[in-house]
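Chain by chain, the residues run as shown.
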Amino acid sequence: MKVISYGGGVQSTALLVLAAQGQIDYSTFLFANVGDDSEHPATLAYIRDIAAPYASSAGIALHHLRRTRRDGTTETLMERLNRPDTRSIPIPVRMANGAPGRRSCTADFKIKVVGRWLREHGATANEPAVVGIGISVDEIHRANRRRSEPHEQVEYPLLDLRLRRDDCEQIIAKAGLPVPPKSSCFFCPFRTVGAWHQQRREDPDLFARSIKLEETVNRRRAALGRDPVYLTRYGRPLAEAIPAQTDIATGEVENSGCDSGWCMT
């Protein structure tokens, strides 16, 4: 069994094009959706309107996966964050000094979701599935930290082909597809300052929802006697850290901080 962990971003969409062109041997792509209320709407729209039809026309199976509880109900990351009984925060919120906290979002809503699908379809420790991850040469440091599950054997097709992110964009464009936006949860604390300013300027509804999430998390922490946390590295509430009148250059490189290689690809 060979699958691609598809994130809806530039690198994994380049893998989709390469698979459609027969340049890599993968015919199954798995998109682990952390929730329609959590993924960036632009990513969901790209997968629905561009990637899924393209995959179908090329005979590639693009499966849409969600986190499922033991009772069969589904759970989104936003629902987890808003649960009244949640004591730990699954996303890497920033401490007062700007350092990111520990997280479980990638493991719970990406790795385990894909892993469950693989096991249900026959992957075992003795016969692991091959899982391709969309990490390009300019992000090779992320591949070095990729955690592998017993039922999977990880490959990096873009590294094997020595392709960079710019190469991936060209591959997508030459195939006649629009280049997708960078994929991430819209409230991810690993977003750059420039990305936050862009969200406040261009997606005020998403920015308001991000503010509300930060406030909800801190109300819960205050009730537990814990210090506040933030979605930016500035150690201040989001609305203060990203003022409306400020417009900064967006050349800052976004770092997903994702040691698994499953997010932001």
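Further up the page is the structure itself.
Definitions and limits used
- Residues numbered from 1 in each chain as written.
- Predicted model: local features only at pLDDT ≥ 70, side-chain atom pairs only at ≥ 80, totals over all residues.
- Heavy atoms only, no water.
- Salt bridge = Lys/Arg side-chain N within 4 Å of Asp/Glu carboxyl O.
- Buried < 20%, exposed > 50% of the residue type's maximum accessible area, 1.4 Å probe, protein only.
- Helix = DSSP H or I, 4+ residues; strand = E, 2+ residues; numbered from the N terminus.
- Contact = heavy atoms within 4.5 Å.

Peer 1: Help me out: how do you make sense of the pattern of salt bridges in this one?
Peer 2: When charged atoms on two side chains of opposite charge get close, those side chains can pair. Applying the stated rule across the entire model yields 14 salt bridges. The salt bridge partner of R83 is D85, with a shortest N-O separation of 3.1 Å. Judged by relative accessible area, which is 53%, D85 ranks as exposed. A salt bridge links R209 to D205; the shortest N-O distance between them is 3.8 Å. Of this pair, R209 and D205 both sit in helix 9 (residues 204–223), separated by four residues, roughly a single helical turn. Residue classification places D205 among the exposed residues on the basis of a relative accessible area of 51%. Connected through salt bridges with shared partners, the residues R67, R69, E75, R80, R83, D85, D108 and K112 form a single ionic network.

Peer 1: I keep staring at the environment of L158 and nothing clicks. Help me out?
Peer 2: Looking at where L158 falls in the secondary structure, it is placed in helix 6 (residues 157–160). Sequence separation between L158 and A129 is 29 residues, and the spatial gap between their C-alpha atoms is 18 Å. Those residues in contact with L158 that lie beyond four places of it in its chain are Q11, L15, L18, G134, I135, S136, V137, L163 and C168.

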